Amino acid sequence: MKRALLAPASFALLISILSAPAVAETLSVAPGGVVRWPGLEVDRCGQAGRTFAAVAGDCWYAIDLLTPAGEMRLSRWRRGQKESATVRISAYPYEVQHITLDDDSQVNLSSADLARVKEENRRIGALWALDTPRRFDLPLSSPLESLPSGGRFGSRRFFNNQPRSPHNGADYSAAEGDPVLAVADGRVALAGDFFFSGGSVFLDHGDGLISMYFHLQELAVEQGRDVKRGEVIGSVGQTGRATGPHLHVGLRWRGARIDPSLLLASTEQIPTIPD
Ligand SMILES: [Zn+2]
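Residues numbered from 1 in each chain as written. Predicted model: local features only at pLDDT ≥ 70, side-chain atom pairs only at ≥ 80, totals over all residues.

Tracing the sequence through the fold places Val-34 in strand S2 (residues 34-37). Exposure remark for Val-34: the 23 C-beta atoms within 10 Å place this residue in the buried category. Spatially, the C-alpha atoms of Val-34 and Thr-272 are 9.0 Å apart, while their sequence positions differ by 238 residues. Residues within four places of Val-34 in sequence aside, it is in contact with Trp-60, Tyr-61, Ala-62, Ile-63, Ile-258, Leu-262, Leu-263 and Ile-270. (Helix = DSSP H or I, 4+ residues; strand = E, 2+ residues; numbered from the N terminus. Buried ≥ 20, exposed ≤ 12 C-beta atoms within 10 Å, placed from the backbone. Contact = placed C-beta atoms within 7 Å.)

Right under this line is the structure:
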């Protein structure tokens, strides 16, 4: 299944690497995906005007869920020399999902609830700018003791027939009370009860990587505390806007909303730019 996300024709198309302009190939990646560019003696990586360190020699680029189809330029610096590559962002590939909620106040919010959500979004949005030293390795570890296949990342959602934001994370079915585990070492950047996501924990793992765990029944950690990879941070529930007990896991990497399943357990399937 290696490279399963590559378009079949991708090897025939052009990838422009400045140091080797004759190579003909373009890598295709879905919005919400991740691209890897492995190499030796890579100092820095660059994307959209921002530079960041390589992880064990590899550059990892996070592609936001709402990136429009088209081309994206990625860079790296090796022994001080800049190299660039172009990847193709595919059209939005995710399904449409219709969800019916009995409680219409979770779809058509009262002005008090709207004000609450706005304030919560302000606190949550501040996390995307965190830039602390990296404390994680890839792949990340499982947020549940056994991880079922996760689903619904990116689905375009209609709640009671009204369009709402696409699903920014992956839902894992689990029983109420099951322990929820930190996917890597980090610090609790935010924890509490939120209108849509219910009992929620946000962990900062450094290098702009934030993991999120939603709809928790109980929280086992407080804001500001350091956690270790695999540590219990709460338990599965169905708090907030949820139709049943499950664990919602979200990942933001340098601000980009990405499919968490790409970095959990295995990174084998991630589209890779040839070194
Ligand atoms: Zn979810």
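Structure shown, so let's carry the discussion forward.
As far as domains go, the protein holds domain 1 (10-89) and domain 2 (96-262). The interface of domain 1 with domain 2 comprises 11 residues on the first partner and 14 residues on the second. Looking at the side of domain 1 that touches domain 2 element by element, the count peaks at three residues for strand S4 (residues 50-53). Here the side of domain 1 that touches domain 2 is built from residues that sort into seven nonpolar, two polar and two charged. (Domains from an automatic or database assignment. Nonpolar A, V, L, I, M, F, W, Y, C, P; charged D, E, K, R; others polar.)

Further remarks concern the sheet that holds strand S9 (residues 156-159). In sheet architecture, strand pairing relies on hydrogen bonds along the backbone and comes in two forms, parallel and antiparallel. Spatial ordering of the open sheet is given by S8-S9-S10, a layout of three strands whose pairing is mixed. The open sheet has two edge strands with one neighbour each: strand S8 (96-99) and strand S10 (162-164). For this sheet, the mean angle separating the axes of adjacent strands, direction not counted, is 30°. (Pairing = 2+ DSSP bridges. Axes fitted to C-alpha atoms, helices over the stretch in contact; angles between N-to-C directions.)

So, about the nonpolar core. Formed by 54 residues in total, the largest nonpolar core has its most connected members in Val-34, Val-35, Tyr-61, Ile-63, Val-201 and Tyr-213. Considering every element that reaches this core, the biggest residue donor is strand S15 (residues 209-219), with seven residues. (Core = buried A, V, L, I, M, F, W, Y, C linked by C-beta atoms within 7 Å.)

Relative to strand S7 (residues 81-89), strand S1 (residues 27-29) runs parallel, the two sharing three bridges. The residue of S7 that forms the bridge with Val-29 is Ile-89. Judged from the nine bridges that link them, strand S6 (residues 70-78) and S7 form a sheet pairing that is antiparallel. Residue pairing in the sheet places Leu-74 in a bridge with Ala-85 of S7. Remark: two residues form the turn of the hairpin made by S6 and S7, two consecutive strands paired antiparallel; Arg-79 in that turn has positive phi of roughly 45°.

To continue, consider helix H1 (residues 111-125). Helix length check: H1 (15 residues) gives 21 Å between terminal C-alpha atoms against 21 Å at 1.5 Å per residue, within 8%. The element H1 is largely exposed, with a buried count of zero among its 15 residues. (Expected span 1.5 Å × (residues − 1).)

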